[in-house]
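# Fold and contact review
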Amino acid sequence: MQWKTRTLGMLAAVGAVMAGTLVYGPAASAAGPPSPCIAPATSNLDGGYGVMKGSFNLKKGPYADRCGNVTRLGRGRVIYFHCWTRNGRGNLWVYGRVKGTGTYGWMSVDNFRSIRHSNYETCRPNADRDHT
């Protein structure tokens, strides 16, 4: 009988923990570090633009193999630059908008045949080109 009481008590405790997880969600520490593919709030700090040298994917973050695609851009397409970053591998990426659209994303500097009027300003939140 004592075995059954202990087993029922243990099941009740496990059930309470699971119910708490359902109500309150997992602990914040279980979430892990933020994804490198989620674009932080960035400001438009660069007045430059670039012309694509081939067909490449505009990415959701500054990693070609880790971040999903926004869209594919063909040779000759223009991206208006907002700001720049180096990813954890040391590669230079730009965040910007595709000319003539409302489409934003990340592109590796290696994918441009020309870059004009860029100041290579580093991405940072809550900054303004006119009030930095």
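Scroll up for the structure.
The structure contained in this document is the topic of the report that follows. (Residues numbered from 1 in each chain as written. Predicted model: local features only at pLDDT ≥ 70, side-chain atom pairs only at ≥ 80, totals over all residues. Heavy atoms only, no water.)

The geometry of an aromatic ring pair is captured by two quantities: the separation of the ring centres and the angle between the planes. Applying the stated rule across the entire model yields five aromatic pairs. Between the aromatic rings of F81 and F112, the centroid separation amounts to 5.4 Å while the plane-to-plane angle is 75°, which identifies the pairing as edge-to-face. Taken together, the residues F81 in strand β4 (residues 78–86) and F112 in strand β7 (residues 112–116) connect sequence positions 31 residues apart. Assigned by exposure class, F81 and F112 land together as buried. Taking the centre distance of 4.7 Å and the plane angle of 40° together, the rings of W84 and Y120 count as tilted. In this pair, W84 sits in strand β4 while Y120 sits in the segment after β7, placing the two residues 36 residues apart along the sequence. Through a chain of ring-to-ring contacts, the aromatic side chains of F81, W84, F112 and Y120 assemble into a single cluster. Over the aromatic face of Y63 sits the side chain of R66, whose NZ or CZ is 4.8 Å from the ring centroid. (Phe/Tyr/Trp six-rings, centres within 6.5 Å; stacked < 30°, edge-to-face > 60°. Helix = DSSP H or I, 4+ residues; strand = E, 2+ residues; numbered from the N terminus. Buried < 20%, exposed > 50% of the residue type's maximum accessible area, 1.4 Å probe, protein only. Lys NZ or Arg CZ within 6 Å of the ring centre and 35° of its normal.)

Our focus in this paragraph is the side chain of S118. Its place among the elements puts S118 in the segment after β7. At 3.2 Å, the side chain of S118 forms a polar contact with the side chain of W84. A polar side-chain atom of S118 sits 3.1 Å from the main-chain amide nitrogen of Y120. Contacts of S118, omitting those with residues within four sequence positions, involve D46, G48, F81 and W84. (Polar contact = N/O pair within 3.5 Å; in protein donor to acceptor, adjacent residues only side chain to side chain. Contact = heavy atoms within 4.5 Å.)

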